[in-house]
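The chain contents come next:
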Amino acid sequence: MNTDRVVLRVEDLKKSFGDKEVLKGVSFTMKQGETKVVIGPSGTGKSTLLACINMLVVPNDGKIWLEDEEVTLAKNLNKIRQEIGFVFQDFGLFSHLTALKNVMLGLIKVKKMDKDAARKLAMQELERVGLQNETKLYPAQLSGGQKQRVGIARALAMQPKIILFDEPTSALDPELIGEVLSVMKNLALSGMTMLVVTHEMGFARTVSDEIIFMENGYIVEQSSPEEMFKNPKNPRTKEFLFKLNELYGE
Amino acid sequence: MGLVLALPISFGQVYGNRFLKALIAGYEKVLRSIPELVILFLIFYGFPRVGIRFSPFAAVVIGLGFRSSAYQSQIFRGAINSVSKSQMRAARSLGMSNLDGFLHVVMPQAIRIALPPWTNEFTIVLKDSSLAYALGVTELLRQGGYIIATKYEPMLIYLTVAAFYFIVTITINKSLGGLEKKLAIPGFDVKETVR
């Protein structure tokens, strides 16, 4: 599925909160259709990195390009954000709207689609994540896994160039993680460009094209999953993967 | 009038800069710490001294309106703040402007949160309108007084006045309560029975 077309380019990205430097110069690129997984200990700036990419958090330094447009210089951020899907750890569903309306709202208010077209597209995307029977339910009536799938459908409906996933399964019960991961896997296979922050090593190993290991605001190592798991070069990567292995046992 | 004033005040308090927030906090502190009757006397008897004269009715409307705006803005501020920040973040990440996010995501939820305390405030203002008595406005209570003067039936007349207030308040409570039910988000506040 991969083409050589670069969808996202991040160059020397830096971000501080107060005097705490969270990102200390992060660079990577993503080609169309690629899935990359970002792993690393908590507090190393993984979530901040994602938030910077669609400028929900404004970086202090560095550049971001979405295809040919420089995000960091963009005047109309709302236009750029339409093209970058975002899936949150806490789902971020609009609690006063049904699953269907959650997906439709962006289409109507941002993309200015008419209601019928928006409804049709929203139904399509909900079907894609296996929720064709839950369209009329409100977020509070859905399970965590279903909520996150609505979140994914909402991002998909905007037809973004890339989707960023910020620990999409971290708030879920273990038995609900699978349904979300399988939706994400299908997405990856269908050629969506995805950048995923996760601790799900099974997903990282089987679905991703490349794993980025971050620590202390730097990318310590990035390589293919085989390379990363079999032969990590950096001692910190080794240690981290060893600990994960201990924790989840293989 | 309270509502018209309260909305911009609460917006200023939530989204305004530091100066605006401090100004509003002061406004609220003052108005919420003075008894309504004192506010009314100040407006009606005090202001003419500096050359501003109000009719009794206008003084009551202004007095009740300003004081209620202080309380109501607190209600709206609380309601807006209690809508989770992640709601706005999700709206912005879809490409919505701040205004769109507020209108279509934050506000619909804030209204639902604000309705019960707002109903309460509404009935308080309604009942406090009886303070207009002190300025000589012919409101319900004074009207009752007139009748008593001719018929001398204080118990009966005041009970009737009380009944009027009761009926109006209950009716408003009921209809706003009905609106609350109508707007309720299914599954959102499942009432748990704790035994």
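Structure: see above.
Residues numbered from 1 in each chain as written. Chains lettered and ligands numbered in written order. Predicted model: local features only at pLDDT ≥ 70, side-chain atom pairs only at ≥ 80, totals over all residues. Heavy atoms only, no water.

Re the overall build of chain B
And step 1. When helices and strands are tallied, chain B shows 8 helices and 0 strands.
And step 2. Each helix and strand of chain B, placed in order from N terminus to C terminus, yields the pattern α-α-α-α-α-α-α-α.
And step 3. Its C-alpha atoms give chain B a radius of gyration of 21 Å, clearly above 16 Å, the size a compact globule of 195 residues would have.
And step 4. Taking the principal axes of its C-alpha atoms as reference, chain B extends roughly 70 × 50 × 30 Å.
And step 5. Counting across all 195 residues of chain B, residues that qualify as buried make up 38%. (Helix = DSSP H or I, 4+ residues; strand = E, 2+ residues; numbered from the N terminus. Rg over C-alpha atoms; globule rule 2.2 N^0.38 Å. Buried < 20%, exposed > 50% of the residue type's maximum accessible area, 1.4 Å probe, protein only.)

Comments concerning empty space enclosed by the protein
And step 1. Per the stated rule, a full pass over the model turns up 1 cavity of 30 Å³ or more.
And step 2. Reported here for the largest cavity is a volume of approximately 70 Å³.
And step 3. Looking at the largest cavity, the residues that line it are Arg-81, Gln-82, Ile-84, Gly-85, Phe-86, Phe-88, Arg-154, Ala-155 and Met-158 of chain A together with Ala-90, Ser-93 and Leu-94 of chain B.
And step 4. For the lining of the largest cavity, the secondary structure elements donating two or more residues are α2 (77-82), β6 (84-87) and α5 (144-157) of chain A together with α5 (85-93) of chain B.
And step 5. In terms of residue count, β6 of chain A provides more of the lining of the largest cavity than any other element does, 3 residues in total.
And step 6. Looking at the lining of the largest cavity residue by residue, the classes come out as 7 nonpolar, 3 polar and 2 charged. (1 Å grid on protein atoms, 1.4 Å probe; cavity = no way out; pocket = protein on both sides within 12 Å on 5 of 7 lines; lining within 4 Å. Points joined across faces, edges and corners; volume = space filled by probe spheres on them. Nonpolar A, V, L, I, M, F, W, Y, C, P; charged D, E, K, R; others polar.)

Remarks on the sheet that holds strand β4 (residues 61-66) of chain A
Residues and elements named next belong to chain A.
And step 1. Taken together, 4 strands build an open sheet; the order of strands is β2-β1-β4-β5 and the sheet is antiparallel. The sheet is open, and its two edges are formed by β2 (20-31) and β5 (69-70), each paired on a single side.
And step 2. Where β4 meets β5, 2 bridges bridge the pair, whose relative direction is antiparallel. Paired with Trp-65 across the two strands is Glu-70, which belongs to β5. (Pairing = 2+ DSSP bridges.)

Observations regarding the pattern of salt bridges
Side-chain pairs of opposite charge can arise whenever the charged atoms involved come near each other.
All names here are of chain A.
And step 1. According to the stated counting rule, one finds 16 salt bridges over all chains in the structure shown.
And step 2. Between Glu-67 and Arg-5 there is a salt bridge, with the nearest N and O atoms lying 3.1 Å from each other. Of this pair, Glu-67 sits in the loop between β4 and β5 while Arg-5 sits in the segment before β1 (6-17), and the two are 62 residues apart along the sequence.
And step 3. Of the charged contacts in the structure, one is a salt bridge between Glu-11 and Arg-9, with a shortest N-O distance of 3.1 Å.
And step 4. Owing to a relative accessible area of 34%, Glu-11 belongs among the partly exposed residues under this scheme.
And step 5. The exposure class of Arg-9 is partly exposed, given its relative accessible area of 32%.
And step 6. It is possible to trace a salt-bridge network through shared partners that takes in Arg-5, Glu-67, Glu-83 and Lys-161. (Salt bridge = Lys/Arg side-chain N within 4 Å of Asp/Glu carboxyl O.)

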